[in-house]
Amino acid sequence: MAERAKKCNNTAMTSAEPVRHTRPAPEEWAALATRAQEIVPQASHAAPLTARETRSLWKTVVKLPAERREANLYYGMGQIICEIAQALHAEPARSELVHNAAALLVAHATIARQVPRDRPFRPVAADIIGRRLSPAILPTAVRAQQKLPPWHRALTGVLAVSRTQEQPFLPARWYTKHHVMKQVRYEYPLAHNIANNAFTGASNVFFTLVTGKTPGDPVTEKIAMTPIEPADIARARQSSAFSGAAQLRLDEFHNGRGWKTENGQPEFDRAYLQTEPPEIIPEHGKITVGHTGRFICPAVQAGGFAIELARSLLPEIILASREIVPGQLLQTC
């Protein structure tokens, strides 16, 4: 795996070369990986982890300070994202994903609003917001994570559980330790997390660039119904906002931190990233992790996946949706 991480390529998704993982391995990673391999048998992914295996790994992980757990989680996530990005290099998998996501976008729109059924679909800003497109990439994400050994799934899963327990801006009911530990044993929660966050983050920044309204601004019906035209897509693709916004904490992003307005258009203020993240107000008795710096999003450091997703894959999906006649799509469902 160390050799895999050292291989390089450019950041274009269409490259056939191995995807570069630019985040250096944290000093604890080698020991954590060794311990995970001792605990988790090198069996196939078909065999679920046992409760004993996950508990043993949990006891190892929680000995680390919270910020070090996050550093190791981000490194492990980056390795998974490299595999996902690599999978999206290949045809026909990429074209199939674009087609499926475009069809999903149109299907959601026909449920949410009145859409003409007899002529090509015309997307609006509200159609791309949130997690609506993530189911299209989820099978690819799971298969990509399965290319890594079972111990890697166990280690990154347990690291993720320990991290979500310390996120006071996430509702406690979403991430109980029992529930997520069960997912780690039987499922691929990080594949789900990456699929959801990748499309959600890219879509939310795209929404901002198309509508001119920064996160945190009230979304009126007029804003939500802003048409997305090819010219808007071309303009958004040129923005540098994606890499900057990916370095924000979720609560900062949703509160509109780090944005400024230039010539009437929102732009990301990279100077904001030089400031210390604001204090998190604990809720539900959760622990607050105090950062003195910022961890770059693993989806940025894994072959520039987040940026390519936002600049290349999401625009392809939106443009492909414009070729779909909703009535014909519904007849095939």
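Computed from a predicted model, the values in this text were never measured in an experiment.

As for the confidence of the model for the protein
Here's step 1: Looking at the protein, the pLDDT average stands at 82 and 85% of residues meet or exceed 70.
Here's step 2: At the low end of the mean pLDDT range in the protein sits helix 1 (residues 2-6), at 38; at the high end sits helix 2 (residues 29-39), at 95.
Here's step 3: This stretch, residues 1-15, has a pLDDT under 50; its non-local contacts, to residues over four places away or in other chains, come to 37 contacts.
Here's step 4: Throughout residues 167-175 the model reports pLDDT below 50, and contacts reaching past four residues in sequence, or to other chains, amount to 22 contacts.

Points about the packing of aromatic side chains
Aromatic rings in a pair are described by how distant their centres are and how their planes are angled relative to each other.
Here's step 1: As enumerated under the stated definition, the model contains 2 aromatic pairs in all.
Here's step 2: Taken together, a centroid distance of 5.0 Å and an interplanar angle of 70° make the contact between tryptophan 29 and tyrosine 75 edge-to-face. Of this pair, tryptophan 29 sits in helix 2 while tyrosine 75 sits in helix 4 (residues 66-87), and the two are 46 residues apart along the sequence.
Here's step 3: Exposure remark for tryptophan 29: the relative accessible area of 7% places this residue in the buried category.
Here's step 4: Both rings, one in tryptophan 259 and one in phenylalanine 268, keep their centres 5.7 Å apart while their planes meet at 85°; by these two values the pair is edge-to-face. One exposure class covers both tryptophan 259 and phenylalanine 268, and it is buried.
Here's step 5: Just above the ring of tyrosine 188 sits the side chain of arginine 153; from NZ or CZ to the centre is 4.6 Å.

Definitions and limits used
- Numbers given to residues run from 1 along each chain, matching the order in which its sequence is written.
- Where local features are concerned, this predicted model is filtered to residues with pLDDT of at least 70; where side-chain atom pairs are given and counted, the filter is 80 or more; whole-chain, interface and lining totals use all residues.
- Side-chain metrics in this entry use all non-hydrogen atoms of the structure; hydrogen atoms and water are not considered.
- pLDDT runs from 0 to 100 and stands for how confident the predictor is about each residue.
- The way it works is that DSSP assigns letters per residue, a run of H or I at least four long becomes a helix, a run of E at least two long becomes a strand, and they are numbered from the N terminus.
- Only heavy atoms enter the contact rule, under which two residues are in contact if any of them lie within 4.5 Å.
- Under the pairing criterion, centres of Phe, Tyr and Trp rings, with the six-membered ring standing for Trp, must be within 6.5 Å; the plane angle then separates stacked pairs below 30 degrees from edge-to-face pairs above 60, leaving the rest tilted.
- Remark: exposure states derive from per-residue accessible area (1.4 Å probe, protein chains only) relative to the maximum for the residue type, with buried under 20%, exposed over 50%, and partly exposed in between.
- Whether a charge sits over a ring depends on NZ of Lys or CZ of Arg being within 6 Å of the ring centre and within 35 degrees of the ring normal.

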